[in-house]
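Observations on the three-dimensional arrangement
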Amino acid sequence: MVILFMDRNSENKEIWLGELRKNLPDHEIRAWPEETGDRAQIEIAVVGAPAPGELERLPNLKAVLSTWAGVDRLVGKGIIPDGIPLARMVDRSLRADMTLFVIHWVLHFHREIHRYGELQREARWEPQPYCETAGRRVGIMGLGVLGGDAAGKLVGLGFDVAGWDAIERPMEGVTGFVGQDRLPPFLERTEILVSLLPLTPQTEGILNRRTLSALPRGACVISCARGGHVVDADLLEALDSGHLDAAALDVFREEPLPATHPFWRHPRVRLTPHVAAATNPRTAAEEIAEDVRRMVAGSPPRHLVDMARGY
Ligand code: OXD
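In this report, we go over the structure that sits alongside the text.

Moving on: the overall build of the protein chain. Scanning the protein chain from N- to C-terminus turns up 8 helices and 12 strands. The C-alpha atoms of the protein chain give a radius of gyration of 21 Å, which matches the 19 Å a tight globule of 311 residues would have. Taking the principal axes of the C-alpha coordinates as reference, the protein chain spans close to 70 × 40 × 30 Å. Taken over 311 residues, the protein chain has a buried fraction of 52%. Counting contacts in the protein chain only where the partners sit at least 6 residues apart, residues at least 24 apart contribute 61% of the total. As displayed, the protein chain offers around 14600 Å² of accessible surface, 52% of which is attributable to carbon and sulfur atoms.

What follows is the structure, given as structure tokens:
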């Protein structure tokens with residue numbers, strides 16, 4: 001098969017091409033735009049950020065494989081030609097990194113490290129009230145590949161974990177809350193909230209004044225999926241009023257986050273530049289190779305996106 005690797009801004013282009021060629025020695029891997037060649041020969045596009053309109057120009061395209069776990073930049077934007085299946089990236093390395101990132105912040109907030117940081121600056125020796133791990137209520141929004149992994153590992157560490165999702169995804173040890181109606185009780189019991197939802201029209205702005213105020217006073221928020229989940233002004237208000245204790249933010253509506261954004265200097269915000277978990281070309285190329293082999297054998301790729309649902 002002829003496979004086109006398309007990414008307008010991948011810093012890792014050469015690494016990706018090397019890994020794809022290593023894992024798919026019997027297939028031809030071309031780099032967009034310089035090696036595109038005869039467009040009619042291309043059957044699979046492996047895309048990060050494809051140029052708008054480019055995929056429409058591939059008349060024999062059979063599937064688009066995303067190098068990103070989140071496909072919100074591809075769905076509903078007129079980028080994927082009608083009827084062409086899109087698969088999202090499920091990369092074991094990205095999943096493991098995301099889970100470690102989440103665990104880092106859950107432990108940080110659980111053990112009040114953010115508060116000790118403030119106290120240290122004022123040379124105040126003030127042990128904070130003890131909360132045993134089994135009594136710490138963590139809530140994961142989105143129990144898909146990433147949220148499910150983080151939830152399972154947090155259960156393993158002994159936390160009291162609940163998960164909220166639009167669809168039922170039962171998990172051992174995790175108290176499940178399903179659908180809009182069950183969002184309020186999920187929030188009411190959540191002291192540390194982790195957002196690992198896909199970004200869709202239904203989840204856009206889901207962390208807003210109403211939902212944040214449903215969290216118990218002193219709750220902490222970890223946002224590491226998409227910045228579009230957060231209504232920035234509402235989060236700032238909840239932090240300023242003291243309703244929320246702290247927020248760890250890795251993703252933003254605008255990236256890079258503009259230097260003037262109040263998140264940068266907010267004393268209760270811990271901020272990282274969208275680094276929680278990136279696709280690792282070494283492991284991800286193995287996943288892409290597996291999907292290509294499936295397609296050669298006449299099966300569809302795995303992890304197909306439901307275009308109507310948006311993930
Ligand atoms: C992704 C990401 O979706 O890194 O893969 O945000």
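Here the focus is the sheet that holds strand 11 (residues 244-249). A sheet is described by the order of its strands in space; here 7 strands give the open sequence 8-7-6-9-10-11-12, paired in parallel fashion. Edge positions in the sheet fall to strand 8 (174-178) and strand 12 (269-271), since each has one partner strand and no second. Between one strand axis and the next, the sheet turns through 15 degrees on average, direction left out of account. Pairing analysis gives 5 bridges linking strand 10 (residues 219-223) to strand 11, with the strands arranged parallel. What sits directly across from isoleucine 222, in strand 11, is alanine 248.

Procedures and definitions
Residues numbered from 1 in each chain as written. Predicted model: local features only at pLDDT ≥ 70, side-chain atom pairs only at ≥ 80, totals over all residues. Heavy atoms only, no water. Helix = DSSP H or I, 4+ residues; strand = E, 2+ residues; numbered from the N terminus. Rg over C-alpha atoms; globule rule 2.2 N^0.38 Å. Buried < 20%, exposed > 50% of the residue type's maximum accessible area, 1.4 Å probe, protein only. Contact = heavy atoms within 4.5 Å. Areas by Shrake-Rupley, 256 points an atom, 1.4 Å probe, with all protein chains shown as cover. Pairing = 2+ DSSP bridges. Axes fitted to C-alpha atoms, helices over the stretch in contact; angles between N-to-C directions.

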